[in-house]
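Secondary and tertiary structure notes
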Amino acid sequence: MDSKDYIVIEDIYGAHNYHPLDVVITKAKGIWMWDVEGNKYLDFLSAYSAVNQGHCHPRIVKTLQTQAKKLTLTSRAFRNDQWPLLAKELCELTGFNMVLPMNSGAEAVETAIKLARKWAYQKKGVPQDEAEIIACTNNFHGRTVTIISFSTEPSYRQDFGPFTPGFKIVPFGDAEALEAAITPRTAAFLVEPIQAEAGILIPPDGYLKKAKEICEKNNVLFIADEIQTGLGRVGKMFACEYEGVKPDIMVIGKSLGGGCYAISAVLSTTEIMGLFKPGEHGSTFGGNPLACAVAREALRVIQDERLVEQAAEKGTYFLEKLKTIKSHHIKEIRGRGLLIGIELYPEAGGARRFCEEMMNERLLCKETHENVIRFAPPLIISKKELDWAFKRIKNVFKRLN
Ligand SMILES: *Cc1c(COP(=O)(O)O)cnc(C)c1O
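Okay, so let's go over this structure. Values in this document were obtained by computation on a predicted structure and should not be read as measured data.

**Structural notes on the side chain of K212**
Structurally, K212 is set in helix α9 (residues 207-217). K212 sits in the buried class, given a relative accessible area of 9%. Apart from the residues lying within four places of it in its own chain, the contact partners of K212 are F222, V245, K246 and D248.

See below:
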């Protein structure tokens, strides 16, 4: 079978809820991927930052294999010997003191929402069923009905109502608007420190710090969604560190599983997380020993290979290089660490055709929304390999003039 055969079968039997590039990957190692014809590509997306450690990292794969032969699932009806150690290591790494494990990012965001509401009723004294959570324009927190209830992207919501009430929207980056939106019923402010899906939108300097101060002053929880920005991607372990902000609740996922397993987590203080009592929340697979063993190794790899520092150094290097590209299509190039966006003018004909052309140059990246090309290679990439990518990106901008 060749690529065309796989694409035909997928399009017949698989739901069409994505619009992938027509490349059929069969194996990957580190920063490289191979299609079924044997062509080699540089991965410049990292599965939306779920593979910060690189594909099939030998240590993570070995841990996966070893643990898979030993114990994979107990459910939380019983205890296992991996979850306690992941919980401890995550808390030590992040400075939080309690953690709840889930599987996908969206589930972890849902968990944070439930937790914030519980806190509002039990600690803040908000009347039952009246808690409000404030989110931002252009947010992306996942795809469940509750989460899309506060999306501002029409295509995420169309035909999926009725929606979950209890959410308010304020413009991203506008601290005054946040302050104005807070009422005595406000439980939490939910924010991505950098909006990745929206097009690598970096808020004005001081925004997160100001927002956190406003939350503290008004007894409102600050929830950071670090699912995509966390674990080294942006050149700090967590993006909130750029402003010295410690969230009340932090949500992580994606690279927590090292690209090998789906695992997410919600971190908070004992005072807040301690509000969950047995039976009030859970997940059959959440905290399973296979996921936990993989996550423990994934975190160790980030530390041992200094991926946070790598992302900072390589990101600065690459961003400077990208800024030398001259093209009348480019409106702005922005990024932090190795999360970089090239925003094109609407007249450029959309980011998709640039991504398709880069695929022909053996560089795999993906547009986000209409006009932004996102670059997010695995954090293990070298300068030489970035130079290789740069040459190809430059070619594409020359060709698509
Ligand atoms: C990917 C992502 C999610 C959702 O994670 P899933 O694992 O796809 O459910 C939530 N928030 C942010 C910021 C993300 O990037």
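**Some thoughts on unusual backbone geometry**
Cis rather than trans, the peptide bond between G161 and P162 has omega equal to 0 degrees. Note on placement: P162 falls in the loop between α7 (154-157) and β6 (167-170). Phi at D129 is positive, roughly 70 degrees, even though this residue is not glycine. Here D129 is to be found in the loop between α5 (105-124) and β5 (132-136). Look at I200: it is not a glycine, yet its phi comes out positive at around 55 degrees.

**Some words on the pairing of strand β7 (residues 186-191)**
Burial analysis of β7 places six of its six residues in the buried class, the great majority of the element. Pairing analysis gives four bridges linking β7 to strand β8 (residues 221-225), with the strands arranged parallel. Residue pairing for β8: F189 is matched across the bridge by F222.

**What to know about the site of the ligand**
If you check the shell around the ligand, you find S104, G105, A106, F140, H141, G142, E192, D225, I227, Q228 and K254 and nothing else. F140 places a polar main-chain atom, nitrogen or oxygen, 3.3 Å from a nitrogen atom of the ligand. At 2.7 Å from a nitrogen atom of the ligand is found a side-chain nitrogen or oxygen belonging to D225. Protein burial of the ligand: of its 380 Å² of free accessible surface, 80% is covered by the chains.

Analysis parameters
- Residues numbered from 1 in each chain as written.
- Predicted model: local features only at pLDDT ≥ 70, side-chain atom pairs only at ≥ 80, totals over all residues.
- Heavy atoms only, no water.
- Helix = DSSP H or I, 4+ residues; strand = E, 2+ residues; numbered from the N terminus.
- Buried < 20%, exposed > 50% of the residue type's maximum accessible area, 1.4 Å probe, protein only.
- Contact = heavy atoms within 4.5 Å.
- Pairing = 2+ DSSP bridges.
- Near = heavy atom within 4 Å.
- Polar contact = N/O pair within 3.5 Å; in protein donor to acceptor, adjacent residues only side chain to side chain.
- Areas by Shrake-Rupley, 256 points an atom, 1.4 Å probe, with all protein chains shown as cover.

All quantities given are derived from atomic positions and should not be read as evidence of function.
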